[in-house]
Amino acid sequence: MSAILSVDDLNDFISPGVACIKPIETLPTAAPPAGDVNSSLEVEVILDGQQPEAKSNAPPAEISLTDCLACSGCVTSAEAVLVSLQSHNEVLNMLDSAPALKLVGPDANGKYSVQGLENSDAKLYVASVSPQSRASLAAACGNGVTEQQAGRMIEQLFFGEQGLARGGKWGNKFTWVVDTNTAREATLVLGSDEVLGGLIAPSDKAATPVLTASCPGWVCYAEKTHPYVLPHLSRVKSSQALMGTLLKTSLSRILDIAPERIWHLAVMPCFDKKLEASREELTDAVWAGDGKPGRGVRDVDCVITSKEVLMLAASRGFDFFSLSASMPPQTPRFPDPLIHDFLFRPGHRQQSREAGTSGGNMHFILRHLQAKNPGSQIQTVPGRNADVVEYKLIAEAGEVMFKAARYYGFRNIQNLVRKLKPAKASRMPGGKPFGSAKRPAGKASGLDYGYVEVMACPGGCTNGGGQIKVDDQVVVDRKGLAVKPGPQEQKEWQKEVDEAYFSGDESGSRAQDESLDLVVDGISPSYIRNVLTHWSTLTGIQLERLAYTSYREVVSDVGKEKKMTDTERVVQLAGKIGGGW
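Fair warning: this is a prediction, and the values are worked out from it, not measured in the lab. Within every chain, residues take consecutive numbers counted from 1 along the sequence as written. Only residues with pLDDT of at least 70 get local features here, since the model is predicted, and only at 80 or more are side-chain atom pairs given and counted; chain-wide, interface and lining totals rely on the full set of residues. Calculated side-chain values reflect all of the structure's heavy atoms, with hydrogen atoms and water omitted.

1. Quick word on the pairing of strand S7 (residues 302–305)
Just so we agree on the cut-off: Exposed residues in this analysis have more than 50% of their type's maximum accessible area, buried residues have under 20%, and partly exposed residues fall in between, with area computed by a 1.4 Å probe over protein chains only. The way it works is that DSSP assigns letters per residue, a run of H or I at least four long becomes a helix, a run of E at least two long becomes a strand, and they are numbered from the N terminus. Any two strands between which DSSP finds at least two bridges are classified as paired.
Side-chain alternation along S7 places Cys302 and Ile304 on one buried face and Val303 and Thr305 on a second face that is also buried. Judged from the four bridges that link them, strand S6 (residues 262–268) and S7 form a sheet pairing that is parallel. Note that in S7 the partner of Val267 across the bridge is Ile304.

Right, here's the structure in full:
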């Protein structure tokens, strides 16, 4: 994608590229019988680039998500392919494949064990759910249902007796359903330490300005089209990825089972999260191997979106909205006390409106720095549209201590990456560098921010491509709409989703320990660091491998001449000159 494209050519949910070559790559055909001499010598040459007609049915082409990541024919994920590969059908197929592994314990020594390991197909099922998905489902429920109540309905679906278990072949259900908000709190502290030079900052820090890397659509776009921004991407894993690593590493070590025996489902607001789950940087090849990305066991086995939760229930023959919003049955304790308390802390922490709907990475950094500098104030400067906002932390004396910004939507991201583009050296003697965004003379960078929160979706993660929209039939029916909703109705619907995201029972909010030395926006950095240190000690894996990730440039081979064999070269030459052998 070029910086000179008109904004009208851009779309915030980009479709598969027309240059995708994967669907036409098939497995080699079977070799002819040894006795068939003539067939083994015949080569059919078709002119004008046409393909010979197949004499037998070729096997259907298959595209894995890893194939999609290895190709840069598409800017972001091919949603149609991703839905078919990671969908509600895959969840049902897994649940019906074999009896689930059963957690047993604790025994007299406080140890846990697993029953059913003799069946190689048996899995221990665990799910993680994002607050944005809960908000989308809460808005679809209507009648003032809160995000927390929608979360209880999801829990009823995953491990309640009236949920998925009642219609399955084996009656399987999920052992645990966890909230990605807990992992998000860990990523906020990790991200703040990375930017501000805290106690657990990574050794390979990102360049300034540090750019959020929790949005897989944005990361994929940067890797394939603007590799010069990769040094700026935050090394901290997303909430989905960090939760996946936490569950797979801790459960496999404590229960002494292989990581592939743990099946982790994530419920997310975005189709691109399916793509993130298939990154080779997010497998056990990194944390259990040599530390390098590879095709190992995924930390997240499957991702479904908010819409697919409804499809999951319908496939079992019941309506999601009929599920109870009351407290679900009690689940087993997580086999490590400290991690259990971290994952299942009582109460519900209400989301901060100032933090936005995408996790609040930038807001937490500003609040953390403000807490360390009493008397300082956060100043907001509106940008060219609602999805571009600048923030300044002003010291008590009046000087600017830190600057940050929020860029949502690909149209705004185009302006951001253009400002980060390095200038090219002129080939003319004495010529000035050219090719970068215009900037004042002597200024080394087009941005003087310390941190930029970047998200592909306008409005943030509550507006993800996998969220329930106002023109979806389920919303039309439940609202009794007579006319198909338009853009204005979608804006009003988005306000309802955002309101559900910020909803919460204040009386049920988590109490804070007054003995903690510092609490930032309801989060204790010291407590989070203690949990992360315990996790590293428990698994015997360095925190660097557990909590941080890496990125790499994806170079396109679309349109480039590939190396050909002598036979292929002869065939091509014969086709061009109109001859044969």
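2. Structural notes on helix H4 (residues 88–95)
The criterion, for reference: Arc, as used here, means the arc of the directions from the helix axis to the C-beta atoms. Two residues qualify as a contact provided that any one of their heavy atoms is within 4.5 Å of a heavy atom in the partner residue.
Regarding H4, the residues found buried are His88, Val91, Leu92, Met94 and Leu95. Within H4, the buried residues cover an arc of 160° as seen down the axis, which keeps them to one side. Next to the buried residues of H4 lie strand S3 (124–129), S6, S7 and helix H12 (306–315).

3. Observations concerning the sheet that holds S7
The criterion, for reference: Axes, fitted as lines to C-alpha atoms, cover a helix only where it is in contact. Angles between the N-to-C directions of the axes lie from 0 to 180 degrees.
Spatial strand order, S4-S3-S6-S7: four strands in an open sheet with parallel pairing. What marks the edges here is a single partner per strand, and that holds for strand S4 (176–179) and S7. The mean angle between the axes of side-by-side strands here comes to 25°, regardless of whether they run parallel or antiparallel. Sheet topology note: the S3/S6 ladder contains six bridges and is parallel. Bridging across to S6, Tyr125 finds its partner in Trp263.

4. Regarding the side chain of Arg261
Formally: The charge count treats Lys and Arg as positive and Asp and Glu as negative. His and the chain ends do not count. For salt bridges, the criterion is a side-chain nitrogen of Lys or Arg within 4 Å of an Asp or Glu carboxyl oxygen. N or O atoms within 3.5 Å of each other form a polar contact, as long as, within protein, one can give a hydrogen and the other can take it, and as long as residues adjacent in sequence are counted only when both atoms are side-chain atoms.
You can see Arg261 is positioned in the loop between helix H9 (239–255) and S6. One buried charge, Arg261, has no salt-bridge partner; the nearest side chain with opposite charge is Glu260, at 7.2 Å. Within polar-contact distance, the side chain of Arg261 engages the backbone oxygen of Leu117 at 3.5 Å. Among the polar contacts made by the side chain of Arg261, one reaches the main-chain carbonyl oxygen of Asn119 at a distance of 2.6 Å. Residues contacting Arg261, with those up to four places away along its chain left out, are Leu101, Gly116, Leu117, Asn119, Ser120, Ala122, Lys123 and Leu124.

5. What to know about helix H17 (residues 487–502)
The criterion, for reference: To estimate how far a helix should reach, multiply one less than its number of residues by 1.5 Å.
Helix length check: H17 (16 residues) gives 23 Å between terminal C-alpha atoms against 22 Å at 1.5 Å per residue, within 8%. Of the residues making up H17, those classed as buried are Gln490, Trp493, Gln494, Val497, Ala500, Tyr501 and Phe502. The inward-facing, buried residues of H17 abut helix H5 (131–141), helix H6 (147–159) and helix H16 (473–479).

6. Some points on the packing of helix H8 (residues 216–225) against helix H15 (residues 410–420)
The following threshold applies: If an angle is under 35 degrees, it is roughly parallel; if it is over 145, roughly antiparallel; if it lies from 65 to 115, roughly perpendicular; otherwise it is oblique. Rotating anticlockwise by less than a right angle from the far helix to the near helix defines a left-handed crossing, while the corresponding clockwise rotation defines a right-handed one. For this scheme, ten residues count as nonpolar: Ala, Val, Leu, Ile, Met, Phe, Trp, Tyr, Cys and Pro. Four count as charged, namely Asp, Glu, Lys and Arg, and the remainder, Gly too, count as polar.
Running from N to C, H8 and H15 cross one another at 45°; their axes reach a closest spacing of 12 Å. The angle between the axes of H8 and H15 places the two elements in the oblique class. You can see that H8 and H15 cross each other, and the crossing is right-handed. Between H8 and H15, the contacting residues are Gly217, Trp218 and Tyr221 on the first element and Phe410, Ile413, Gln414 and Val417 on the second. Split into classes, the residues belonging to the contact of H8 with H15 amount to five nonpolar, two polar and no charged.

7. Here's the deal with the pattern of salt bridges
Evaluation of the coordinates by the stated rule reveals 25 salt bridges. For Arg279, the salt bridge is made with Glu223, and the minimal N-O distance between the two is 2.8 Å. Of this pair, Arg279 sits in the loop between helix H10 (272–277) and helix H11 (284–287) while Glu223 sits in helix H8, placing them 56 residues apart in sequence. In this structure, Arg279 and Glu223 share a single accessibility class: buried.

Just geometry here; none of it tells us what the structure is for.
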